[in-house]
Amino acid sequence: MKRGLRNEGGLIAAVLADPARAHDLDAAGWSMLIGQARNADMLGQLHFRLASGGALGCAPQAARRHLDLAWELSCRHRDAVRWEVFHIATALRKLDLPVVLLKGAAYCLGALPAAEGRVFNDVDIMVPHAALTAVEYALLDAGWIPQVANDYDQRYYRRWMHEIPPLEHKSRGTVLDVHHTIVPPTSGVVPDAGELLRRALPIEGEGWQELAGFRVLAPEDMILHSAAHLFFNEFHKGLRDLFDLHRLLEHFGCRDDFWALLRGRAEETGLSQPLADAVVHCERVFRTPLPEAERARARASLPEGVVGAMRGWMLRRALLPDHPSCSTTDVSLARWMAFVRSHWLRMPPGLLAIHLLHKAVRAKE
Amino acid sequence: MPCGPFVVRIRTCSEGIADGLHRLYRDFPLIPEGDFVDFEVEVRAPGLLRSVVRPQVGFYCEGRAPFKPLPRHQAFPMLEWGLNWVISTHAHDHLVLHAAVLERGGRALLLSADPGSGKSTLCAGLVHSGWRLLSDELALVELATGRVRPVARPISLKNESIEVVRALGGDVELGTVCPDTTKGAVAHMRPPVDSVVRRHEPALPAWLVFPRFVRGGQLDLQSVGKAQAFMEMVRHAFNYGFLGGSAFDALAGLLDRTTIMRASYGDLGQIVPAIDRLTAADGR
């Protein structure tokens, strides 16, 4: 019974990997598929995948309605992200800086397949560390206000994190994260942010003068950022982030020198471990096409023995959609472990202790 | 169970909910096991501790809780609020407005107002005088056709309006009164059988009324300009920003085909006949 449940838990992943699986679903199966996709924030991606796999027509009308609405929403989101980036560009224009779009906004403005069907919760940008204050003031001038009012959180972000506290636009309500690098410096992994900026590529084909200084990370760095973001965090939108990685690897992976370059950059930035995790789990869940040598290398570089087995056990469960059909006791335990692990990876023990103490005292108030 | 434009499966071990469903949803069909279900909802204790110490219940949609838990005796109102949330946050093939909807002679009347204006009480009064109930809380305007799709769920009544509606007469059936909610005492009125049976029959709007109950007040009807009504209805729309341009078109279409009035009154006996006269005159 438990095994059966777990297989159902992966229904959304199974259909995304192989849309033909949708032909075998009965009405109850479709209910579960739509529910899992909704909770994973992936209804739009599911629509795209079913359509491209020729399986959209087999969806019952009631399920189709949710898929079509999500697809329309994702199209509106794309326009909204462009519009938002236009406003950010206008606000930062006078600073004449390189500004790098990260994650969803980069997939969207970079016209990458990972943007298809995706919805966006916020816009992430990265600017040179030295320009952080100027950027923040320019954004405050243009109507963004800090979301975090609490002094401890303000200090926590500014002193320890790779981004300043999130900003919200006072009239549009949109959220903007301003980063100065791609991983929290407290994690002990410190990629050269200057090199990330130097390697970034201009955005092509948008035709907006305002976007002249705007870039996206080089493909390898984009993948490493996405992998670090997923595997250093608590897997809140784990399956969605893994699918992003799958689409990026699928898209860039067919270039000749891509894999060698990717591995080289992973070593330089200290992100070989999250990359190996990304490769192994993309292949396991979505059957991402990989060169044989890369698959072997990624598997060999993961921890072995009891530690390796525990990691695998935890990650397989933490990457399930957050839906009652997958919420068995072992999955809840794995999620809790992943939450603890994400904090452990992001901070040294002393800082972690202080941080948790603060949060605990505040929760009581 | 059908729930407006969706099918929901409700799980609960709360007796308050079982009782409420039996009394207020008795005319609703059960959807056969194995059919497509849009949303699985559950009302249960948020944790082991809260099932024993100062017991609480939470509303869960597909395992997630959109609201904070409430004391256990408020389980049924919580289910009703939860189902409203399910519809208003997912029925994006409609412009979703905060309004009561009634129908007579194939034409729909929308009542839109801020909470506490007596919208639901007036809605119950009109149902009692023969209007068909489409919805007490949510007007679902089809984007393509402009018709309003029925929701046909119980009417939510608060505080003094509970006794006002109970006094209307024998065909009114109310559920258990739930005291001390954040909105005061709450009770729900069972939707008439006819409304439930005809829950797939939409209607084209013909009238939009902004009602306002004034204690001891006299009846006062005034017509409202379209631009002013537009701005007011944007405020009462749940997904106006979400839908963008198509919401603008749907709302403009709605205002173009309706007679728009502002109505203040001090008693159901004044306003119900006045609305009957207004709509009968227009219908001729």
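These numbers were taken from a predicted model, which means no experiment stands behind them. (Residues numbered from 1 in each chain as written. Chains lettered and ligands numbered in written order. Predicted model: local features only at pLDDT ≥ 70, side-chain atom pairs only at ≥ 80, totals over all residues. Heavy atoms only, no water.)

Here we look at the overall build of chain A
Here comes step 1: Helices and strands together make up the secondary structure of chain A, namely 17 helices and 7 strands.
Here comes step 2: For chain A, whose C-alpha radius of gyration is 21 Å, the value lies close to the compact-globule estimate of 21 Å for 365 residues.
Here comes step 3: With respect to the three principal axes, the spread of C-alpha positions in chain A is 55 × 50 × 50 Å.
Here comes step 4: The 365 residues of chain A split such that 55% are buried.
Here comes step 5: As displayed, chain A offers around 16200 Å² of accessible surface, 56% of which is attributable to carbon and sulfur atoms.
Here comes step 6: If the 43 positive side-chain charges of chain A are averaged to one point and the 43 negative ones to another, these points end up 4 Å apart. (Helix = DSSP H or I, 4+ residues; strand = E, 2+ residues; numbered from the N terminus. Rg over C-alpha atoms; globule rule 2.2 N^0.38 Å. Buried < 20%, exposed > 50% of the residue type's maximum accessible area, 1.4 Å probe, protein only. Areas by Shrake-Rupley, 256 points an atom, 1.4 Å probe, with all protein chains shown as cover. Lys, Arg positive; Asp, Glu negative; His and termini not counted. Charge placed at Lys NZ, Arg CZ, Asp CG, Glu CD.)

Some words on the domain arrangement of chain B
All names here are of chain B.
Here comes step 1: The assigned domain composition of chain B is domain 1 (1-90) and domain 2 (94-284).
Here comes step 2: Computed from C-alpha coordinates alone, the two centres of domain 1 and domain 2 are separated by 24 Å.
Here comes step 3: Listed by partner, the interface residues are 22 residues for domain 1 and 29 residues for domain 2.
Here comes step 4: Between domain 1 and domain 2, roughly 2200 Å² of surface is buried when both sides are summed, and carbon and sulfur atoms account for 61% of that area.
Here comes step 5: Here domain 1 and domain 2 share 3 salt bridges between them.
Here comes step 6: Between E80 and R153 there is a salt bridge, with its nearest N and O atoms 2.8 Å apart.
Here comes step 7: Counting across the interface, domain 1 meets domain 2 through 10 residue pairs in polar contact (both at pLDDT 80 or more).
Here comes step 8: Looking at the side of domain 1 that touches domain 2, the elements that each hand over two or more residues are strand 1 (2-3), helix 1 (15-24) and helix 2 (75-90).
Here comes step 9: Top element by residues in the side of domain 1 that touches domain 2 is helix 2. It accounts for 8 residues.
Here comes step 10: Within the side of domain 1 that touches domain 2, the residues separate by chemical class into 12 nonpolar, 5 polar and 5 charged. (Domains from an automatic or database assignment. Contact = heavy atoms within 4.5 Å. Buried area = accessible area lost by both parts, 1.4 Å probe. Salt bridge = Lys/Arg side-chain N within 4 Å of Asp/Glu carboxyl O. Polar contact = N/O pair within 3.5 Å; in protein donor to acceptor, adjacent residues only side chain to side chain. Nonpolar A, V, L, I, M, F, W, Y, C, P; charged D, E, K, R; others polar.)

So, the layout of surface pockets
Residues and elements named next belong to chain A.
Here comes step 1: By volume, the largest pocket amounts to about 1100 Å³.
Here comes step 2: Taken together, 42 residues make up the lining of the largest pocket; nearest its centre are K103, E163, D177, H229 and N233.
Here comes step 3: Those elements that place two or more of their residues in the lining of the largest pocket are helix 6 (103-109), helix 8 (151-160), strand 5 (175-179), helix 10 (219-231), helix 11 (238-252), helix 16 (329-346) and helix 17 (349-364).
Here comes step 4: No other element matches the 5 residues that helix 10 contributes to the lining of the largest pocket.
Here comes step 5: Residues that form the lining of the largest pocket fall into these classes: 15 nonpolar, 13 polar and 14 charged. (1 Å grid on protein atoms, 1.4 Å probe; cavity = no way out; pocket = protein on both sides within 12 Å on 5 of 7 lines; lining within 4 Å. Points joined across faces, edges and corners; volume = space filled by probe spheres on them.)

Remarks on the side chain of E80 of chain B
Here comes step 1: Looking at the element boundaries, E80 of chain B is found in helix 2.
Here comes step 2: Leaving out residues up to four positions away in the same chain, E80 of chain B has contacts with Y25, R153, P154 and H188 of chain B.

Re the pairing of strand 1 (residues 99-102) of chain A
All names here are of chain A.
Here comes step 1: Of the two faces of strand 1, the one holding V99 and L101 and the one holding V100 and L102 are both buried throughout.
Here comes step 2: Pairing of strand 1 with strand 7 (residues 214-216), which is carried by 3 bridges, proceeds in the parallel orientation. Across the sheet, residue V99 finds its bridge partner in strand 7, namely F214.
Here comes step 3: Direction of pairing for strand 1 relative to strand 2 (residues 123-126): antiparallel, over a ladder of 3 bridges. Among the inter-strand pairings, L101 is bridged to a residue of strand 2, identified as I125. (Pairing = 2+ DSSP bridges.)

So, the interface of chain A and chain B
Here comes step 1: Each side of the interface is counted separately: chain A has 18 residues, and chain B has 17 residues.
Here comes step 2: Roughly 1500 Å² of surface becomes buried between chain A and chain B when both sides are summed, with 50% attributable to carbon and sulfur atoms.
Here comes step 3: On the surface where chain A and chain B come into contact, there are 3 salt bridges.
Here comes step 4: Between R38 of chain A and E62 of chain B there is a salt bridge, with its nearest N and O atoms 3.7 Å apart.
Here comes step 5: At the boundary of chain A with chain B, the tally comes to 9 residue pairs in polar contact (both at pLDDT 80 or more).
Here comes step 6: If you list the elements that add at least two residues to the side of chain A that touches chain B, you get helix 3 (27-39) and helix 5 (61-92) of chain A.
Here comes step 7: No other element matches the 8 residues that helix 3 of chain A contributes to the side of chain A that touches chain B.
Here comes step 8: When grouped by side-chain class, the residues that make up the side of chain A that touches chain B number 9 nonpolar, 5 polar and 4 charged.

Re the sheet that holds strand 2 of chain A
Residues and elements named next belong to chain A.
Here comes step 1: The 7 strands lie next to each other as 3-4-5-2-1-7-6, forming an open sheet whose pairing is mixed. Whereas interior strands pair on both sides, the edge strands pair on one side only; in this sheet they are strand 3 (144-146) and strand 6 (201-202).
Here comes step 2: Sheet topology note: the strand 4 (residues 167-169)/strand 5 ladder contains 2 bridges and is antiparallel. What sits directly across from E168, in strand 5, is V175.
Here comes step 3: On the sheet, helix 7 (residues 132-141) packs against strand 3, strand 4 and strand 5 and is oriented at approximately 165 degrees with respect to strand 5. (Axes fitted to C-alpha atoms, helices over the stretch in contact; angles between N-to-C directions.)

Looking at the environment of L102 of chain A
Residues and elements named next belong to chain A.
Here comes step 1: Following the sequence through the fold, L102 ends up in strand 1.
Here comes step 2: Taking C-alpha positions, L102 is 9.0 Å from H179, a pair spaced 77 residues apart along the chain.
Here comes step 3: What L102 contacts, discounting residues up to four positions off in sequence, is D124, I125, M126, H179, L217 and H225.

Notes on the pattern of salt bridges
Pairing between side chains of opposite charge can happen when the charged atoms of each approach one another.
Here comes step 1: One pass over the structure, following the stated rule, counts 43 salt bridges over all chains.
Here comes step 2: The salt bridge involving D93 of chain B is made with R65 of chain A; its shortest N-O contact spans 2.8 Å. Of the two residues, D93 of chain B is situated in the loop between helix 2 and strand 6 (94-98) and R65 of chain A in helix 5; the pairing between them involves two chains.
Here comes step 3: Here the salt bridges share partners, and the residues they tie into one network are R199, E220, D221, R265 and E268 of chain A.

Thoughts on the side chain of S74 of chain A
Residue and element names in this part refer to chain A.
Here comes step 1: Structurally, S74 can be placed in helix 5.
Here comes step 2: Of note is the side chain of S74, whose polar atom sits 2.7 Å from the backbone oxygen of W71.
Here comes step 3: The residues contacting S74, other than those within four sequence positions of it, are G117, R118 and V119.

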